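What follows is each chain in one-letter form.
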Amino acid sequence: MSGGIDTAMVLAAGLGTRMRPLTDDRPKALVEVGGRALIDHVLDRLIAAGVRRAVVNVHWFADRLEAHLGARRDIEIVISDEREALLETGGGLKKARDLLGEAPVFVANIDSVWIDRGDALTALKAAWRPEAMDACLLLAPREGAIGFPGAGDFFLEDDGRLRFRGESARAPHAYMGVHITRPDITEGVAEARFSLTPLWREAAARGRLHGVLMDGIWMHVGDPQARDEAEQRLAECGTGGHGAKGA
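Just so we're clear, the structure is a prediction, and the values are computed from it rather than from any experiment.

On to the confidence of the model for the chain. The predicted coordinates ought not to be read in detail in places where the model reports low pLDDT. Across the chain, pLDDT averages 92, with 95% of residues at or above 70. The element-level mean pLDDT for the chain is lowest in helix H7 (residues 224-237), coming to 92, with strand E1 (residues 7-11) highest at 98. Across residues 240-247, confidence stays below pLDDT 50; counting only partners more than four residues off in sequence or on other chains, it has 32 contacts.

Given below as structure tokens:
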């Protein structure tokens with residue numbers, strides 16, 4: 001059972017080096033796609049899925065991002081300050097531990113925009129089973145994704161468990177930047193700066209890493225070309241700046 005998942009961790013502290021020159025004067029989270037900042041695309045999705053409180057980590061142009069977030073009135077925003085040092089995905093989640101509470105949370109990157117034929121985040125929430133999972137990842141088909149030239153990340157088993165690509169040349173599914181996890185998943189890691197990936201590998205080895213496949217078009221907005229391609233696709237599908245349903 002998914003229960004009520006009303007809190008999210010939004011990972012917005014990155015330097016956005018691949019997005020330059022668009023990030024020469026702003027954080028990546030404030031780069032616009034379809035006339036709307038990347039972080040607002042993500043927050044809109046989370047709010048629609050029942051999230052009422054978002055913890056957002058900040059670093060690059062932190063003051064500008066905080067000012068932008070302060071204008072939102074439809075969700076409570078709490079800042080996790082990483083001005084002193086970037087901590088990567090795991091370290092950012094660990095630093096924000098006391099801000100997140102004890103219940104499961106969404107964790108979301110800010111560089112994903114998508115057009116789905118259903119309701120991807122609600123499906124992810126419905127699949128979450130804390131007794132059987134350490135994390136449940138939202139996946140997209142590798143083929144047809146915009147801005148993702150990689151070989152894929154995972155194989156999705158019939159029971160929802162995930163298997164890393166490993167030595168395979170290709171895997172059909174890519175992690176699209178949103179998952180549900182327990183806030184205490186980082187406890188026991190001594191380092192301040194670390195990635196979540198090793199924790200996912202450990203969970204996968206125990207059969208506790210699961211996934212849900214999104215039905216739609218995923219746009220990984222990681223560089224200016226991908227941003228332009230995403231804007232074109234949103235315009236073609238008539239979704240405006242919201243990455244809404246209806247592909």
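There's more to say after this.
Attention shifts here to the pairing of strand E13 (residues 216-220). The element E13 is extensively covered by neighbouring structure, given that five of its five residues are classed as buried. Where strand E7 (residues 112-116) lies against E13, five bridges are found, and the strand directions are antiparallel. Bridging from a neighbouring strand, Trp-114 pairs with Trp-218 of E13.

Looking now at the pattern of salt bridges. As enumerated under the stated definition, the model contains 26 salt bridges in all. Residues Asp-116 and Arg-45 are paired through a salt bridge, measuring 3.5 Å at the closest nitrogen-oxygen approach. Taken as a pair, Asp-116 in strand E7 and Arg-45 in helix H1 (residues 38-48) lie far apart in primary sequence, 71 residues in all. Both residues of the pair, Asp-116 and Arg-45, count as buried. Here Arg-182 makes a salt bridge to Asp-184, at a shortest N to O gap of 2.8 Å. Among the residues examined, Arg-182 registers a relative accessible area of 26% and is labelled partly exposed. Taking the relative accessible area as the measure of exposure, Asp-184 reaches 29% and is therefore partly exposed.

Mapped onto the elements of the fold, Asp-111 is located in the loop between strand E6 (105-109) and E7. A distance of 3.2 Å separates polar atoms of two side chains, one belonging to Asp-111 and the other to Lys-28. Not counting the four nearest positions on each side in its chain, Asp-111 is found in contact with Lys-28, Met-219, His-220 and Val-221.

Turning next to H1. With respect to burial, H1 is a largely interior element, nine of its eleven residues being buried. What H1 keeps buried is the set Leu-38, Ile-39, Asp-40, His-41, Val-42, Leu-43, Arg-45, Leu-46 and Ile-47. Of the residues flanking the end of H1, it is Gly-50, one or two places downstream, whose phi is positive at about 100°.

This brings us to the packing of H1 against helix H2 (residues 62-70). With their axes 11 Å apart at the nearest point, H1 and H2 run at an angle of 40° to one another. Judged by the angle between their axes, H1 and H2 are oblique. H1 and H2 meet at a crossing whose hand is right-handed. Contacts between H1 and H2 involve Ile-39, Asp-40 and Leu-43 from the former and Leu-65, His-68 and Leu-69 from the latter. The residue inventory of the contact of H1 with H2, partitioned by class, reads four nonpolar, one polar and one charged.

Right, let's talk about unusual backbone geometry for a bit. In this structure, the amide linkage connecting Arg-20 to the following residue, Pro-21, adopts the cis form with an omega of 10°. Its identity as a non-glycine residue notwithstanding, Phe-61 has a phi of 50°, on the positive side. At Glu-88, a position not held by glycine, the phi torsion is positive, near 65°. Here Glu-88 shows up in helix H3 (residues 88-95). On the basis of relative accessible area, Glu-88 is assigned to the partly exposed category, the value being 41%.

Criteria and cut-off values
- Residues numbered from 1 in each chain as written.
- Predicted model: local features only at pLDDT ≥ 70, side-chain atom pairs only at ≥ 80, totals over all residues.
- Heavy atoms only, no water.
- pLDDT = per-residue confidence, 0-100.
- Helix = DSSP H or I, 4+ residues; strand = E, 2+ residues; numbered from the N terminus.
- Contact = heavy atoms within 4.5 Å.
- Buried < 20%, exposed > 50% of the residue type's maximum accessible area, 1.4 Å probe, protein only.
- Pairing = 2+ DSSP bridges.
- Salt bridge = Lys/Arg side-chain N within 4 Å of Asp/Glu carboxyl O.
- Polar contact = N/O pair within 3.5 Å; in protein donor to acceptor, adjacent residues only side chain to side chain.
- Axes fitted to C-alpha atoms, helices over the stretch in contact; angles between N-to-C directions.
- Parallel < 35°, antiparallel > 145°, perpendicular 65-115°, else oblique.
- Left-handed = near helix turned anticlockwise from the far one by under 90°.
- Nonpolar A, V, L, I, M, F, W, Y, C, P; charged D, E, K, R; others polar.

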